[in-house]
Amino acid sequence: MVRIYHNNRCSKSRATLALLEEHGGEVEVVNYLDTPPSAAELAVLLKQLGMTARELLRTGEAEYQSLGLDDPALDDAALIAAMVAHPKLIERPIVVANGKAVLGRPPEAVLAIL
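Residues numbered from 1 in each chain as written. Predicted model: local features only at pLDDT ≥ 70, side-chain atom pairs only at ≥ 80, totals over all residues. Heavy atoms only, no water.

**Side note on helix α1 (residues 11–22)**
So, step 1. With 12 residues, α1 extends 16 Å between its outermost C-alpha atoms, agreeing within 8% with the 16 Å of an ideal straight helix rising 1.5 Å per residue.
So, step 2. Among the residues of α1, those classed as buried are S13, T16, L17, L19 and L20. Taken down its axis, α1 places every buried residue within 160° of arc, on the same side. The outward face of α1, more than 90 degrees from its buried face, is lined by the exposed residues E21 and E22.
So, step 3. Looking at the buried side of α1, the elements it contacts are β1 (2–6), β2 (27–31) and β3 (94–97). (Helix = DSSP H or I, 4+ residues; strand = E, 2+ residues; numbered from the N terminus. Expected span 1.5 Å × (residues − 1). Buried < 20%, exposed > 50% of the residue type's maximum accessible area, 1.4 Å probe, protein only. Arc of directions from axis to C-beta. Contact = heavy atoms within 4.5 Å.)

Structure follows, in structure tokens:
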């Protein structure tokens, strides 16, 4: 089973989903803007990605500036809480397969975990 944290408005997310569908197998699509991951789920995803919370933030979103998330004093817990409250801040798409996760940027990056 492959899971994609997906935003249909994002071209990279759509391209990654299409690539996954081309490679067959069942794909679970999580529209994370409608069903955001919990803090615990995000912590697991970060571990699988090998990333910090700061690295997963979309810094170009208005919420990033308005919430002051550029403050280096904010720890992972605070940044994860911000992403749970404002899922638009989560970089996308995230694909999970075989106990590993990867960002679909570029979409072909997901092939490494299939």
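**Considerations on the sheet that holds β3**
So, step 1. If you walk across this open sheet you meet the 4 strands as β2-β1-β3-β4, and the pairing is mixed. Here the strands that pair on one side only, and so sit at the sheet edges, are β2 and β4 (100–103). Within the sheet, the average angular offset between the axes of one strand and its neighbour, ignoring direction, is 20°.
So, step 2. One ladder, built from 5 bridges, connects β1 with β2; its direction is parallel. Opposite R3, over in β2, you have E28 as the bridge partner.
So, step 3. Seen against the sheet, α1 touches β1, β2 and β3 and runs at an angle of roughly 165° to β1.
So, step 4. Taken strand by strand, helix α2 (residues 39–49) contacts β1, β3 and β4, and its axis lies near 85° from that of β4. (Pairing = 2+ DSSP bridges. Axes fitted to C-alpha atoms, helices over the stretch in contact; angles between N-to-C directions.)

**Examining the environment of L42**
So, step 1. Counting through the fold element by element, L42 comes out in helix α2.
So, step 2. For L42 and L103, which are 61 residues apart along the polypeptide, the C-alpha to C-alpha distance reads 13 Å.
So, step 3. Those residues in contact with L42 that lie beyond four places of it in its chain are P37, L56, I80, M83, V84 and I90.

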